[in-house]
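Structural description and commentary
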Amino acid sequence: MLKNPFADMKKREWILWALSLAVVLVSNLISGLLKGYVDPVNLTATCIGVTALIFVARGDVWGQILTVVFALLYGIAAWRVRYWGEILTYLGMSAPIAAMAVVSWLKNPYNGNKNEVKIHRLTGRQKVFMVLSAVCVTALFCFILAVLDTPNLVFSTLSVTTSYLASYLTFQRNSWYGFAYAANDLVLIILWILVSLEDITALPMIACFAMFFLNDMYGFVSWKKREKKQIKN
């Protein structure tokens, strides 16, 4: 049975979570002042997103459950600015893979604790499959995005690649997932900065992915430490 995900959070995780929430809340309020109202979709998506990453960093399956919810809400936000790559990536790839990751993580608990996943090191075959499949996914999405006349095609395509790698590593319960997601965060920060040049109300998404970057790097470090501990035990 899953436990309360907040029960065992460390002090530094509470601080990181509080900081992340504060940044996205303030950015949503500023955006709301500029356009006359606070966007409920962006507000909910950003708050759920930073919360999900805290749990993912702990290897807690609740993080993957919230990731599915975030992906759905983020897809709506991307649809508004015609970022078809983000819609296809999050609704067609990230959300389904996160849902599969929930099952994978529940089936592979560490020492019977369903709130902590057993970390897995990729085999040689899995590494080869990851690279080849990433190339295929990138080529396919690049073609589709070009046909859809997606804005900022290069960065949109790069977002697909990094997101796929991150999703694959997350599903495989591999500690490098955080590094891949951090790379994806940097790409998304650039994408939403480009949007903000025409619409300043995109500020919450920039703040959101800046906090995502910090959380994903924390997750990468945390998983590496947890991986050493699990191997030792």
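Within each chain, residues carry numbers counting from 1 in the order of the written sequence. Owing to the predicted nature of the model, reporting of local features is limited to residues with pLDDT of at least 70; listing and counting of side-chain atom pairs is limited to 80 or more, with chain, interface and lining totals taken over all residues. Derived side-chain values reflect all non-hydrogen atoms in the structure, with water molecules and hydrogen atoms excluded from consideration.

**Considering the overall build of the chain**
- To qualify as a helix, a DSSP run of H or I must reach at least 4 residues; to qualify as a strand, a run of E must reach at least 2; elements of each kind are numbered from the N terminus. When helices and strands are tallied, the chain shows eight helices and two strands.
- Across the chain, helices and strands are ordered from the amino to the carboxyl terminus as α-α-α-α-β-β-α-α-α-α.
- All radius of gyration figures rest on C-alpha atoms, and the globule criterion is 2.2 Å times the number of residues raised to 0.38. Relative to the 2.2 N^0.38 estimate, which gives 17 Å for 233 residues, the radius of gyration of the chain is 17 Å and therefore close to what a compact globule would have.
- If you line up the chain on its principal axes, its C-alpha atoms span 55 × 40 × 25 Å.
- The buried share of the chain, reckoned over its 233 residues, is 52%.
- Considering only contacts in the chain between residues 6 or more positions apart, those separated by 24 or more positions represent 73%.
- When the accessible area of the chain is evaluated, it comes to approximately 11100 Å², of which 72% is carbon and sulfur surface.
- Looking at charge distribution, the chain has the averaged site of its 21 positive side-chain charges lying 14 Å from that of its 12 negative ones. Throughout, exposure labels follow a simple rule: accessible area from a 1.4 Å probe, protein chains only, divided by the maximum for the residue type, with under 20% read as buried, over 50% as exposed, and the rest as partly exposed. Two residues form a contact once any of their heavy atoms are found within 4.5 Å. Residue exposure ignores everything except the shown protein chains as possible cover, and the areas themselves are Shrake-Rupley values with a 1.4 Å probe. In this charge count, Lys and Arg are treated as positive and Asp and Glu as negative; neither His nor the chain ends contribute. Note that the charge is assigned to NZ on lysines, CZ on arginines, CG on aspartates and CD on glutamates.

**Things to note about the packing of helix α1 (residues 11-35) against helix α2 (residues 40-57)**
- Where α1 contacts α2, the two axes come as close as 10 Å, and the packing angle between them is 165 degrees. With respect to α2, the axis of α1 lies roughly antiparallel. Crossing hand, α1 versus α2: right-handed. Along the contact surface, α1 presents Glu13, Leu16, Trp17, Ser20, Leu21, Val24, Leu25 and Asn28, while α2 presents Asn42, Leu43, Thr46, Cys47, Val50, Thr51 and Ile54. For helices, the fitted axis covers only the stretch in contact; all axes are lines through C-alpha atoms, and the angles between them, taken along N-to-C directions, range from 0 to 180 degrees. The cut-offs work like this: below 35 degrees is roughly parallel, past 145 is roughly antiparallel, 65 to 115 is roughly perpendicular, and the gaps in between are oblique. Should the near helix be turned anticlockwise from the far one by less than a right angle, the crossing is termed left-handed; should it be turned clockwise, right-handed.

**Remarks on the side chain of Glu13**
- Among the secondary structure elements, Glu13 is positioned in helix α1.
- Within the structure, the side chain of Glu13 is placed 2.7 Å from the side chain of Arg58, a separation counted as a polar contact.
- Dropping the residues within four chain positions of it, Glu13 is found in contact with Asp8, Ile54, Arg58 and Tyr218. Counted as a polar contact is a pair of N or O atoms within 3.5 Å, where, for protein atoms, one must be capable of donating a hydrogen and the other of accepting one, and residues adjacent in sequence contribute only when both atoms are in side chains.

**Here's the deal with the packing of aromatic side chains**
- Pairing of aromatic side chains here covers Phe, Tyr and the six-membered ring of Trp, requires ring centres within 6.5 Å, and sorts the geometry by plane angle: under 30 degrees stacked, over 60 edge-to-face, intermediate tilted. Throughout the structure, instances matching the rule amount to 19 aromatic pairs.
- Both rings, one in Phe70 and one in Tyr74, keep their centres 5.6 Å apart while their planes meet at 15 degrees; by these two values the pair is stacked. With a gap of four residues between them, Phe70 and Tyr74 both fall in helix α3 (residues 62-80), about one helical turn apart.
- Judged by centre distance (5.5 Å) and plane angle (45 degrees), the ring pair of Trp105 and Trp223 falls under tilted. Of this pair, Trp105 sits in helix α4 (residues 84-107) while Trp223 sits in helix α8 (residues 203-232), and the two are 118 residues apart along the sequence. Taken individually, Trp105 and Trp223 each receive the classification buried, so the pair is uniform in this respect.

**Quick look at the pattern of salt bridges**
- Salt-bridge detection follows one rule: a side-chain nitrogen of Lys or Arg within 4 Å of a carboxyl oxygen of Asp or Glu. Under the criterion given, the structure shown has three salt bridges.
- Among the salt bridges present, the one from Glu13 reaches Arg58, with a minimum N-O distance of 2.7 Å. On the criterion of sequence distance, the pair formed by Glu13 in helix α1 and Arg58 in the loop between α2 and α3 is long-range, its members being 45 residues apart.
- Classification of Arg58 as buried rests on a relative accessible area of 14%.

**Quick look at the environment of Leu186**
- Relative to the elements of secondary structure, Leu186 occurs in helix α7 (residues 177-196).
- The class for Leu186 is partly exposed, based on a relative accessible area of 43%.
- The sequence separation of Leu186 and Thr162 amounts to 24 residues, and the corresponding C-alpha distance is 9.9 Å.

**Quick word on a nonpolar patch on the surface**
- Taken together, the side chains of Val26, Ile30, Leu34 and Ile200 define a hydrophobic patch exposed on the protein surface, amounting to about 350 Å² of accessible area.
- Relative to the helices and strands, Ile200 resides in the loop between α7 and α8. Patch membership is restricted to residues that have no salt bridge and whose relative accessible area is over 30%. Joining uses 9 Å for like charges and 5 Å for the nonpolar side chains Val, Leu, Ile, Met, Phe, Trp and Tyr.

**Thoughts on the nonpolar core**
- If you look at the biggest cluster of nonpolar residues, it comprises 61 residues, and the most contacted ones within it are Phe70, Tyr74, Trp192 and Phe209.
- Looking at this core, the elements that each hand over two or more residues are α1, α2, α3, α4, α5 (124-147), α6 (153-171), α7 and α8.
- If we ignore the near neighbours within four places in the chain, the residues touching Phe70 are Ala45, Ile48, Gly49, Tyr90, Phe209 and Phe212. Side-chain atoms within 4.5 Å link the members of a nonpolar core, which is a set of buried Ala, Val, Leu, Ile, Met, Phe, Trp, Tyr and Cys residues.

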